[in-house]
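Residue strings, one per chain:
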Amino acid sequence: MDIEKTAKALKELGHVTRLTIYKRLVKAGYKGLAVGTLQEELEIPGSTLSHHLSGLASAGLIKQRREGRVLYCVAQYEQLDQVLQTLREECCIDDKLSADEGDFKVLSRD
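A brief look at the structure comes next. (Residues numbered from 1 in each chain as written. Predicted model: local features only at pLDDT ≥ 70, side-chain atom pairs only at ≥ 80, totals over all residues. Heavy atoms only, no water.)

### Comments concerning the packing of helix 1 (residues 3-13) against helix 4 (residues 46-58)
Interhelical geometry of helix 1 versus helix 4 gives an angle of 155° and a closest axis separation of 9 Å. By the angle class used here, helix 1 and helix 4 are roughly antiparallel. Of the two elements, helix 1 crosses helix 4, and the hand of that crossing is left-handed. Contacts between helix 1 and helix 4 pair K8, E12 and L13 from the former with G55, L56 and S58 from the latter. (Axes fitted to C-alpha atoms, helices over the stretch in contact; angles between N-to-C directions. Helix = DSSP H or I, 4+ residues; strand = E, 2+ residues; numbered from the N terminus. Parallel < 35°, antiparallel > 145°, perpendicular 65-115°, else oblique. Left-handed = near helix turned anticlockwise from the far one by under 90°. Contact = heavy atoms within 4.5 Å.)

Here you go:
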């Protein structure tokens, strides 16, 4: 995943309301949750919810599907996994490079 997509996803999740929505959708599982149910449970005005869902969808964190007159939102777990993997893949790489080179430094408490 490129850095721009990762930044967009993290930006969307960095807002309290969007994170709350996303957490609820993750909890709902692969079936997702009807927008009306989400609005009722989280007590968010429809226009506000629509705005936040749009941001999450544009970041690829959720998808929406229509069944008759009901619109469902479903968390895209693969996208979240990619965001987390982007952060994990370089974890401590500088330490590993130093260890491979035998460049250990001992820190004293003096």
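Picking up after the structure, the text goes on.
### Structural notes on the environment of L33
Among the structural elements, L33 can be located in strand 1 (residues 33-34). For the pair L33 and V74, spaced 41 residues apart in sequence, the C-alpha to C-alpha distance is 6.6 Å. Setting aside chain neighbours within four positions, we find L33 in contact with R24, L25, A28, L38, E41, L71, Y72 and C73.

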